[in-house]
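Secondary and tertiary structure notes
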Amino acid sequence: MTIFWFRRDLRLDDNKGFFEALLNSKEVLPIFIFDISILEQLPKNDARVSFIHDSLTKMNEEIKKLGKSLATFHGDPLSVWKQLVIENNVTKVLFNRDYEPKARARDKAIYEFLVSQNIEVTTFKDQVIFEKNEVVKNDQSPYVVYTPYSKKWKENATKIRFENFPSTSYLNSIVTHSYPFLTLEDIGFEKSKIIIASYSTTTDLIQNYEATRNFPALDSTSKLGIYLRFGAVSIRQIVMIAMNHENETFLNELIWREFFMQILWHFPHTVNKSFRPKYDEIKWENSETNFQKWCKGRTGYPIVDAGMRELNTTGYMHNRVRMIVASFLCKHLLIDWRWGETYFAQKLLDYDQASNVGNWQWAAGSGVDAAPYFRIFNPTEQVKKFDKELKYIKKWVPEFSEIRYIEPIVDHKTARERCLKVYKEAVG
């Protein structure tokens, strides 16, 4: 029997590893494991868990049309695999690769166990167009600046054939089994009240993306984040749509995703250490009081507060506002970027470790291709540029009034001067 393990690829069609399993085996057991080490850190109504379960349910409904089902498990992945090997005559295991440090460690342990049982293990690239060392400099070293990386990425993309893997044509290879399809309640969770927006890749959205993407009051972003994070859509199909348009701004955002993934692959220490070591010498203030005010959207800066309230309410935050609130935390409040990164990890529906760490280090000035430390967003000027009619602010901060709004927790000019002094002492 062959087992295919779904992870960050929650779709039946155009799924590389699943396609290979179905094509090359007459008996395929498709499985998903709810990892308790991840779930125990989450609130019981976490919207991401609901999204995962909804995606699996949708997949299972398709498979049930053939009188088959998806097998789901709740536990420690290695323990689940040991159980599966005892209960089945497993000869092959296939899954698509994950690039996060903890996932790599997990997969290494499971790979070593399966090989010790004389089981053939094959992994595939599915959640990116290019992985690991596929886009590197001529000397084979990794790019640490986005622009040359993106040029090389685009050059390489013109040389490959974008394949489609019609997995759903071979679903008859799925075996009948007695494993359950677990409900949310079975794993100790409940349905989230957060409604996840459908994604959009319309021609209008992509063609106008450059002109509209920085204005948070406009509903002009794709909402693809969570779908790409969990592989509910094929990155190949999305990239092909993007490449068919003259305006490259939308495609560039997809390339940023892969840029940060390869950075995390080559520099896994950046999960909790600055890419530029000097930046770990910054003497952060780390005021718990100010951090809580930032988390709750009570800083006295309406654009910052609107962003944090949007995040807390919906699990989403507009990308321009993400940059503003991150810069504010690190540079106005002198709070360690790792605090913000952790908070986003708890709240963001589309939380992706590579992009989140990469973007937080960018905001702090400590990462690859980062904003220089002396570039400090003025939240008031950002409002004038990107929300001058205050539509976004008034949506999320309905009590806002320029006369009566709460006092800012820091003065911009004073905070800017303090930031420059502290950063200069650390990095020169």
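Residues numbered from 1 in each chain as written. Predicted model: local features only at pLDDT ≥ 70, side-chain atom pairs only at ≥ 80, totals over all residues. Heavy atoms only, no water.

A tally of regular secondary structure across the protein chain gives 19 helices and five strands. Each principal axis of the C-alpha atoms in the protein chain carries an extent, and together these give about 70 × 50 × 45 Å. The proportion of buried residues among the 428 residues of the protein chain is 56%. A separation of at least 24 residues holds for 80% of the contacts in the protein chain among residues at least 6 apart in sequence. (Helix = DSSP H or I, 4+ residues; strand = E, 2+ residues; numbered from the N terminus. Buried < 20%, exposed > 50% of the residue type's maximum accessible area, 1.4 Å probe, protein only. Contact = heavy atoms within 4.5 Å.)

All chains considered together, the criterion is met by 31 salt bridges. Among the ionic pairs, Glu 20 bridges to Lys 16, the shortest N-O distance being 2.8 Å. With Glu 20 and Lys 16 both in helix α1 (residues 16–24) and four residues apart, the pair spans about one turn of that helix. A salt bridge links Glu 285 to Arg 418, with the nearest nitrogen and oxygen atoms 3.3 Å apart. A residue pair is termed long-range when its members are at least 10 positions apart, and Glu 285 in the loop between α11 (249–266) and α12 (288–296) and Arg 418 in helix α19 (residues 412–427) qualify at 133 residues. Overlapping salt bridges bring together Arg 8, Asp 98, Glu 100 and Asp 352 as one network. (Salt bridge = Lys/Arg side-chain N within 4 Å of Asp/Glu carboxyl O.)

Our next topic: unusual backbone geometry. Positioned with a positive phi, Lys 132 is a non-glycine residue whose angle comes to about 45°. Within the secondary structure, Lys 132 is located in the loop between β5 (120–124) and α6 (146–157). Of note in the backbone geometry, Asn 286 takes a positive phi value of approximately 50° without being a glycine. Along the chain, Asn 286 falls in the loop between α11 and α12. When its relative accessible area of 26% is taken as the criterion, Asn 286 is described as partly exposed.

Looking at the element boundaries, Ile 194 is found in the loop between α6 and α7 (203–207). Judged by its relative accessible area of 30%, Ile 194 falls in the partly exposed class. Those residues in contact with Ile 194 that sit more than four places away from it in its chain are Ala 47, Thr 313, Thr 314, Gly 315 and Leu 349.

Helix α16 (residues 353–364) packs onto helix α15 (residues 337–347) with a crossing angle of 145° between their chain directions and a minimal axis gap of 10 Å. In the crossing of α15 with α16, the sense of the turn from one axis to the other is right-handed. Across the interface between the two elements, Trp 337, Gly 340, Glu 341, Phe 344 and Ala 345 from α15 touch Asn 356, Val 357, Trp 360, Gln 361 and Ala 364 from α16. Counted by class, the contact of α15 with α16 contains six nonpolar, three polar and one charged residues. (Axes fitted to C-alpha atoms, helices over the stretch in contact; angles between N-to-C directions. Left-handed = near helix turned anticlockwise from the far one by under 90°. Nonpolar A, V, L, I, M, F, W, Y, C, P; charged D, E, K, R; others polar.)

Take helix α13 (residues 302–314) next. Counted at 1.5 Å a residue, the expected span for α13 with its 13 residues is 18 Å, and the 18 Å between its end C-alpha atoms agrees. Taking burial as the measure, the 13 residues of α13 include ten buried ones, the bulk of the element. Of the residues making up α13, those classed as buried are Pro 302, Ile 303, Val 304, Asp 305, Ala 306, Gly 307, Met 308, Arg 309, Glu 310 and Leu 311. Where α13 is buried, its residues contact α12, α14 (319–332), α15, α17 (379–386) and α18 (391–396). One or two residues past the end of α13 sits Gly 315, with phi positive at roughly 80°. (Expected span 1.5 Å × (residues − 1).)

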